[in-house]
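Spelled out, the chains give:
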Amino acid sequence: MKNSIITTIILITAFNITTSAQVKTSAQEVATPELAQQREEQKKTLVAGYLAIKNSLVVSDSKKTATSASGFSAALEKFKFKKLTLEEMNAATTARKGIKALADSIAVAPSINEQRKLMEKLSVQFWSIIDKVKPENMMLYQQKCPMMGTTWISADKKIENPYYPKNMLTCGEVIAEK
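Heads up: these notes are all about the structure in this document. (Residues numbered from 1 in each chain as written. Predicted model: local features only at pLDDT ≥ 70, side-chain atom pairs only at ≥ 80, totals over all residues. Heavy atoms only, no water.)

A word on unusual backbone geometry
Among all residues except glycine, the phi angle is most often negative; among peptide bonds, the trans geometry is most common.
Move 1: Of note in the backbone geometry, Lys-83 takes a positive phi value of approximately 55° without being a glycine.
Move 2: Looking at where Lys-83 falls in the secondary structure, it is placed in the loop between α3 (62–78) and α4 (86–108).
Move 3: According to the relative accessible area criterion, Lys-83 is exposed, its value standing at 84%.
Move 4: Its identity as a non-glycine residue notwithstanding, Asn-137 has a phi of 60°, on the positive side.
Move 5: On the secondary structure map, Asn-137 appears in the loop between α6 (130–133) and β1 (141–145). (Helix = DSSP H or I, 4+ residues; strand = E, 2+ residues; numbered from the N terminus. Buried < 20%, exposed > 50% of the residue type's maximum accessible area, 1.4 Å probe, protein only.)

And the structure:
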């Protein structure tokens, strides 16, 4: 009788410890409002970094473009994708590596024309992951210069072509929005 009581007490204690550990693990996995806010701030920083590169190209400022590209690359390095399937995670991680390499190349490019060529590729790749990095309550527009076929991303429907600002500043159209 004593043995069965002791065994029962041990089993109940073990069950309570296990349940407590599971609750703690589950609570740790649930995002807190503070973590969700930090995540949104990371997304805002990342998108702002891209937009800073684009806006620097609009005003043809090579040095500011390089600085913005470095900042964007650093923000991209810190950004971690969440809530993706393994296949989506692999695709997003591969895209991030390519985007980071392009941003790093823009930062050290010898001319603004070279920066613009790299930006064309960066814009296409960044748009491919935009759903995963776009902050809530922010509308982004993919725009395209129909004469040249180049695309870029903007936070505004107003067209400011970063590739040909002197001759075709307003040449373009919104082709997608998210």
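A look at the environment of Tyr-141
Move 1: In this fold, Tyr-141 is placed in strand β1.
Move 2: Tyr-141 sits 14 residues away from Trp-127 along the chain, and the two C-alpha atoms are 9.5 Å apart.
Move 3: Each residue touching Tyr-141, except ones within four places of it in the same chain, is listed here: Trp-127, Trp-152, Ile-153, Ser-154, Ala-155, Asp-156, Lys-157, Val-174, Ala-176 and Glu-177. (Contact = heavy atoms within 4.5 Å.)

What to know about the sheet that holds strand β3 (residues 173–177)
Move 1: An order of β2-β1-β3 is seen for the three strands of this open sheet, with the pairing classed as antiparallel. Two strands bound the open sheet, and with one partner strand each, they are β2 (150–154) and β3. Strand-to-strand twist across the sheet, computed as the mean angle between neighbouring axes with direction ignored, equals 30°.
Move 2: Sheet topology places β1 next to β2; five bridges connect them, and they run antiparallel. (Pairing = 2+ DSSP bridges. Axes fitted to C-alpha atoms, helices over the stretch in contact; angles between N-to-C directions.)

Brief notes about the packing of aromatic side chains
Move 1: As enumerated under the stated definition, the model contains five aromatic pairs in all.
Move 2: Their ring planes at 85° and their centres at 5.3 Å tell us that Phe-72 and Phe-126 sit as a pair that is edge-to-face. Within this pair, whereas Phe-72 is found in helix α3, its partner Phe-126 is found in helix α5 (residues 112–128), the two being separated by 54 residues in sequence. Judged on exposure class, the residue Phe-72 and its partner Phe-126 are both buried. (Phe/Tyr/Trp six-rings, centres within 6.5 Å; stacked < 30°, edge-to-face > 60°.)

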